[in-house]
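What the coordinates show
The primary structure of each chain is shown beneath.
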Amino acid sequence: MTAPMTTPAPSADAVVAKLSPLDRFLPVWIGAAMLLGLLLGRGVPGLENALQAVQVDGISLPIAIGLLVMMYPVLAKVRYDRLDSVTGDHRLLVSSLLLNWVIGPALMFALAWVFLPDLPAYRTGLIIVGLARCIAMVIIWNDLACGDREAAAVLVALNSLFQVVAFAGLGWFYLSVLPGWLGLDQTGINASTWDIARSVLIFLGIPLLAGFLSRRVGERARGRTWYEERFIPRVAPFALYGLLFTIVVLFALQGHAITSNPLEVARIALPLLAYFAVMWGGGYALGAGLGLGYERTTTLAFTAAGNNFELAIAVAIATFGVTSGQALAGVVGPLIEVPVLVALVYVSLALRKRFTDRPPGSHQREQDTHV
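About the thresholds
- Residues numbered from 1 in each chain as written.
- Predicted model: local features only at pLDDT ≥ 70, side-chain atom pairs only at ≥ 80, totals over all residues.
- Heavy atoms only, no water.
- Helix = DSSP H or I, 4+ residues; strand = E, 2+ residues; numbered from the N terminus.
- Buried < 20%, exposed > 50% of the residue type's maximum accessible area, 1.4 Å probe, protein only.
- Contact = heavy atoms within 4.5 Å.
- Areas by Shrake-Rupley, 256 points an atom, 1.4 Å probe, with all protein chains shown as cover.
- Salt bridge = Lys/Arg side-chain N within 4 Å of Asp/Glu carboxyl O.
- Core = buried A, V, L, I, M, F, W, Y, C linked by side-chain atoms within 4.5 Å.
- Axes fitted to C-alpha atoms, helices over the stretch in contact; angles between N-to-C directions.
- Parallel < 35°, antiparallel > 145°, perpendicular 65-115°, else oblique.
- Left-handed = near helix turned anticlockwise from the far one by under 90°.
- Nonpolar A, V, L, I, M, F, W, Y, C, P; charged D, E, K, R; others polar.
- Expected span 1.5 Å × (residues − 1).
- Polar contact = N/O pair within 3.5 Å; in protein donor to acceptor, adjacent residues only side chain to side chain.
- Patch = residues over 30% accessible without salt bridge, like charges linked within 9 Å, V, L, I, M, F, W, Y side chains within 5 Å.
- pLDDT = per-residue confidence, 0-100.
- Phe/Tyr/Trp six-rings, centres within 6.5 Å; stacked < 30°, edge-to-face > 60°.

Describing the overall build of the protein
From N to C terminus, the protein includes 18 helices and 2 strands. The buried share among the 371 residues of the protein stands at 55%. Summarising the internal contacts of the protein: among those between residues at least 6 apart in sequence, 83% fall at separations of at least 24. Split by element, the accessible area of the protein, about 15,200 Å² in all, is 68% carbon and sulfur.

This is how it looks when you write it as structure tokens:
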């Protein structure tokens, strides 16, 4: 029997050529946003206090707004009628759970102790980052890399459920039980199930509901063609606007701490760099080995590598204080994650030509490569 024909995947250059100028020069805009944030944090007296004056679930209100604006357009693009093709893919779901809730926390624990044996506050902060699986920015990285949007929505929702029920228990295990077994220093965290659930409801529930209702109401009122070709192109750029705004605020909040302690930030950055590289590479290799196809392999890799910095920072501040080393380690997490995962977006696009097959239910991204 003749094998079915498959459509060759486009090259990274072909994909990048279809991006808007805003998307195409993303590393430039992100670098500029990071620099602007640092300059604002150092040069504007009282800015940090002003940004922290109003909070949502322990997160600065401007950051919260940026995250919600960032996530909405991507979740509005999701074809919610296709989610069943993802929930039936047991290889993808099991692989994601294994990477996120078994390998990820264990790897961060090991790296934190290997790289920071003499800095307990930073070490604890990194372990908390490793326990908080990503439910926000990963959606942006996955979309930029032309991953499977429906798979990303399902995996993020799955991570959210596990985050609510498992975060506190895993924190107790990796900060108290396991170190005790190994004869290492022990500590604890202050994270109630309700606090975690509230964070998930705010930072995932709100944009997810808004995205679902937008598609449902828009398609019923004006049809799918209008929704895909008119509405989505209008709201899509706000994902990057929200991302860049969030980065500016994030760096402004910690500009003084970062520039005042460059060596300590560098030491925190080393295990984070190793973590992101191993988790992304491991996720990519696992997806490719299982034959998931480019889109779902990419989604698996990015959902494994990303972390929920909102939750990690909130827990660190609630337990150890806003000026603690644990909180600084939590903040350095996304500061390293952003440029690293942007770079991995381009690595992923460069690897795309190696994939010629696509799993059932996946759909073309060449026609829509905008965030």
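Structure's up, so let's keep going.
Structural notes on helix α9 (residues 137-144)
The buried fraction of α9 is high, at 8 of 8 residues. Those residues of α9 lying buried are Met137, Val138, Ile139, Ile140, Trp141, Asn142, Asp143 and Leu144. At the exit of α9 stands Cys146, carrying a positive phi of roughly 65°.

With respect to the pattern of salt bridges
Following the criterion strictly, the structure yields 12 salt bridges and no others. Measuring nitrogen to oxygen at the nearest pair gives 2.5 Å for the salt bridge that ties Arg215 to Glu219. With Arg215 and Glu219 both in helix α11 (residues 193-222) and 4 residues apart, this pair spans about one turn of that helix. Its relative accessible area of 4% is what places Arg215 among the buried residues. Bridged by salt links that share partners, the residues Arg79, Asp81, Arg215, Glu219, Arg224 and Glu228 form one connected network.

Topic: the side chain of Ser96
Here Ser96 shows up in helix α7 (residues 90-115). Among the residues examined, Ser96 registers a relative accessible area of 1% and is labelled buried. Not counting chain neighbours up to four residues away, the residues in contact with Ser96 comprise Leu155, Leu300 and Thr303.

Side note on the nonpolar core
Ile30, Trp141, Leu243 and Phe302 are the most contacted members of the largest nonpolar core, which has 112 residues in total. Looking at which element gives the most residues to this core, the answer is helix α18 (residues 325-351), with 13 residues. If we skip the residues at most four places from it in the chain, Leu243 touches Ile30, Met70, Met137, Ile140 and Trp141. Core analysis: the next-biggest nonpolar cluster, separate from the first, contains 5 residues, Ala76, Tyr227, Phe231 and Ile232 among them.

Some thoughts on the packing of α9 against helix α10 (residues 149-182)
Packed helix pairs are characterised by how far apart their axes lie and by the angle those axes make with each other. For the pair α9 and α10, the least separation of the axes is 10 Å and the interaxial angle reads 160°. By the criterion of interaxial angle, the relationship of α9 to α10 is roughly antiparallel. Like other packed secondary-structure pairs, α9 and α10 cross with a definite hand, here right-handed. Residues Val138, Ile139, Asn142 and Asp143 of α9 touch α10, and the partners they reach there are Arg149, Ala152 and Val156. Looking at the contact of α9 with α10 residue by residue, the classes come out as 4 nonpolar, 1 polar and 2 charged.

Quick look at helix α16 (residues 293-305)
With 13 residues, α16 should cover 18 Å at 1.5 Å per step; its first-to-last C-alpha distance of 18 Å lies within 8% of that length. Where burial is concerned, most of α16 is hidden: 13 out of the 13 residues are buried.

So, the side chain of Arg296
Within the secondary structure, Arg296 is located in helix α16. Within polar-contact distance, the side chain of Arg296 engages the side chain of Ser85 at 3.3 Å. A polar side-chain atom of Arg296 sits 3.0 Å from a polar atom in the side chain of Asp89.

Here's the deal with the packing of α16 against α18
Two numbers describe how α16 lies on α18: the axes approach to 11 Å, and their chain directions differ by 160°. Our classification of the angle between α16 and α18 gives roughly antiparallel. Handedness of the crossing formed by α16 with α18: right-handed. Contacts between α16 and α18 involve Tyr294, Thr298, Phe302 and Ala305 on the former and, on the latter, Leu341, Leu344, Val345, Ser348 and Leu349.

Topic: a nonpolar patch on the surface
Where nonpolar side chains cluster on the molecular surface, the patch consists of Ile65, Val69, Phe238 and Tyr241 and spans about 360 Å² of accessible area. At the level of elements, α5 (61-77) and α13 (237-253) are the ones that each hand at least two residues to the nonpolar patch.

Description of the confidence of the model for the protein
The share of residues in the protein with pLDDT of 70 or more is 87%, and the mean pLDDT across the chain is 83. Predicted confidence is poor over residues 1-9, with pLDDT under 50, and the contacts of this stretch with residues over four places away or in other chains come to 5 contacts. Low confidence marks residues 357-371, where pLDDT is under 50. Its contacts with residues over four positions away, or in another chain, come to 53 contacts.

Structural notes on unusual backbone geometry
A positive phi angle, close to 65°, is found at Cys146, a residue other than glycine. Position of Cys146 among the secondary structure elements: in the loop between α9 and α10.

Some remarks on the packing of aromatic side chains
The description of two aromatic rings rests on the distance between their centres and on the angle between their planes. With the rule as written, the count across this model stands at 14 aromatic pairs. Taken together, a centroid distance of 6.0 Å and an interplanar angle of 70° make the contact between Trp280 and Phe302 edge-to-face. Of this pair, Trp280 sits in helix α15 (residues 262-289) while Phe302 sits in helix α16, placing them 22 residues apart in sequence. Looking at Trp280, the relative accessible area reads 6%, which means it is buried. By the ring-pair criterion, three or more aromatic residues cluster together here, those being Phe109, Trp113, Phe173, Tyr174 and Trp181.

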